[in-house]
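Spelled out from the first residue to the last, the chains are:
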Amino acid sequence: MSDPTGAREDQPGSDRSRERNPHLRRDAVRSVAFRALTEVTGNGAYANIVGGQLISQAGLEGRDAALATELINGTCRGLGTYERIIEAASGRSTDSLEADVVDLLCLGTHQLLATRIPAHAAISTSVDLARQQIGARVTGLVNAVLRKVSQRTLEQWLDRLAADQDPIGAVAVRTLHPEWIVAACADRLGLDPSDPALQTVLEANNIAPEPTLVARPGLITVDDLVAEGAESGGPSPLQAMWRGNPGRLAAVRDGRAGVQDPGSQLVALALERIDAPQGPWLDLCAGPGGKAALLGALAAERGERLVASERTMHRADLVTSAVKAIRPRPAVVCADGTQPAWRSGQFARVLADVPCTGLGALRRRPESRWRHQPEDLDDLAPLQRSLLASAIDSCMFGGVVAYVTCSPHRAETIAVIDQILQQRDDVTVIPAGPLVPELDAADGDFVQMWPHRDGTDAMFLALLRRN
Ligand SMILES: C[S@@+](CC[C@H](N)C(=O)[O-])C[C@H]1O[C@@H](n2cnc3c(N)ncnc32)[C@H](O)[C@@H]1O
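For every chain, the first residue of its written sequence is number 1, and the numbers climb from 1 along that sequence. Reporting of local features is limited, given that this is a predicted model, to residues whose pLDDT is at least 70; pairs of side-chain atoms are given and counted only at 80 or more, and all residues count toward the totals for whole chains, interfaces and linings. Side-chain measures were taken over the full set of non-hydrogen atoms in the model, leaving aside hydrogen atoms and water.

Undergrad: Can you walk me through the packing of aromatic side chains in this structure?
TA: Here a ring pair, both rings aromatic, is described through the centre-centre distance and the interplanar angle of the planes. Note on aromatic contacts: the rings of Phe and Tyr and the six-membered ring of Trp form a pair at centre separations within 6.5 Å, being stacked when their planes are under 30 degrees apart, edge-to-face when over 60 apart, and tilted otherwise. For the coordinates displayed, the defined rule picks out three aromatic pairs. When the ring of Phe-446 is compared with that of Phe-460, the centres are 5.3 Å apart and the planes differ by 55 degrees; the resulting orientation is tilted. Note that Phe-446 is positioned in strand E12 (residues 446-448) and Phe-460 in strand E13 (residues 460-466), a separation of 14 residues in sequence. To sort residues, take the accessible area from a 1.4 Å probe on protein chains only and compare it with the maximum for the residue type: under 20% means buried, over 50% means exposed, and anything in between is partly exposed. Residue Phe-446 is classed as buried on the basis of its relative accessible area of 10%. Members of the aromatic cluster, each reached through a chain of ring pairs, are Tyr-403, Phe-446 and Phe-460. A cation over an aromatic ring shows up here: Arg-152 above the ring of Trp-157, its NZ or CZ 4.9 Å from the ring centre. Here Arg-371 stacks its cationic end above the ring of Tyr-46, 5.9 Å away from the centre of that ring. Put simply, DSSP marks the helices as runs of H or I at least four residues long and the strands as runs of E at least two long, and each gets a number from the N terminus on. In this analysis the charged atom, NZ for Lys or CZ for Arg, is taken to sit over a ring once it is within 6 Å of the ring centre and within 35 degrees of the ring normal.

Undergrad: Just to check I follow, could you spell out the pattern of salt bridges for this structure?
TA: A pair can form between side chains of opposite charge whenever their charged atoms are brought close. Salt bridge criterion: a side-chain nitrogen from Lys or Arg within 4 Å of a carboxyl oxygen from Asp or Glu. For the coordinates displayed, the defined rule picks out 20 salt bridges. Between Arg-137 and Glu-98 there is a salt bridge; the shortest N-O distance is 2.6 Å. Of the two residues, Arg-137 sits in the loop between helix H6 (119-133) and helix H7 (139-149) while Glu-98 sits in the loop between helix H4 (62-90) and helix H5 (99-114), which places them 39 residues apart along the sequence. Of the residues examined, Glu-98 reaches a relative accessible area of 38% and is grouped as partly exposed.

Undergrad: Looking at this model, I keep getting lost on the environment of His-452. Mind explaining?
TA: Among the structural elements, His-452 can be located in helix H20 (residues 451-454). Since its relative accessible area comes to 34%, His-452 is described here as partly exposed. Once the C-alpha coordinates of His-452 and His-372 are considered, the two residues, 80 residues apart in sequence, prove to be 22 Å apart. Should any heavy atoms of two residues lie within 4.5 Å, those residues are considered in contact. Beyond its immediate chain neighbours, meaning those up to four positions away, His-452 contacts Thr-200, Val-201 and Ala-204.

These values are about where atoms sit, not about what they do.
The following block contains the structure:
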């Protein structure tokens, strides 16, 4: 078939010539990775979303797509530490360099220090990329800095950077995390920063999990998913592992199953398992709808109905799509959960899965550890308290609120519950551990999951009964 642009099929740069020439394919892989990185660092894009889009636009498949994904995710995970290595190698602050040059150097540093790509190939392709994407004026700098980076292994660079640090800073360097996240995990687990266990906790964030499916009760079973090629096993009784693109499964496309971390499945199950009166259920912060779809299915099995509320319209639309297979269909409402659009005291079970820093899901969001700042907590904690208060107000007497975060940070978890308990005398904490018997994750009266121990995101769960 002739090329609609009129170009000869094998002309350099044409898709056909790129398919046949491994060097051109590898160039395409690196330019996709570089463009994704500039979108992440410059425009606040999510690495997994923009990466997927650019990979499919460039027609990358198989090993090329896998390499592009690894380069994007791996570089994003190491960004802050790679910048420090580049500063040590070049003797200048990355603030004095153009943002695109820093991105390109980070991409080159990742290839040199954390992949099996030979050093000469990592450097020469980075120089070519610099010439094509930024300009010939920066090729000398890129070449010189990456040659210096290549003179040590990752371990040697980390040893050198960690030597100047206090114990928290040293763990931060060695595990590719910002210091405030290391400090938050040490605080929450009561670990001394020099305890090797802290490093294990943080290293779990550097391993991307396989997609986990949830079989939504009443709509499909785990056995049905296994018959489609999924693998059973894992902490949640509703989970199945799926290697590959979950969108290829009809059950995922039509909403009988979904992609959901087992920790999210277990917190929804805990709210269903607890003893509570009959009556409607509420998901106060429902977007994009993973837990709403599971709760909606669980509620339907008990003859109850779910109301799923979300503040932003486009995320409310995602909830509508997530719950499309459930009958009776959950009601989806677009409302600010701090100013409910419903009568108080009418729900038997309420989920408050509040907006949070997402520190519990760092393993699946490569860039997010560098994007959040400790100051984010100044805005989030008051909103979390306000949403929890509203969840309690929405709950009938004897009903139960599940307060959930995908973060282990004290300020978003225990501190929020403590403050609510100081302000109100109409709630009692119910020990949550026995309601998640699949895990040994009780943390006092709460549940705190951890990726390194439980194989889940670091979900926090508190259960409060309205007196
Ligand atoms: C952690 S996410 C919820 C995830 C969801 N439960 C799920 O499993 O898919 C928090 C959600 O709260 C929403 N949100 C933020 N502020 C809110 C408010 N004032 N009222 C209701 N929802 C809010 C955010 O838009 C976001 O969709």
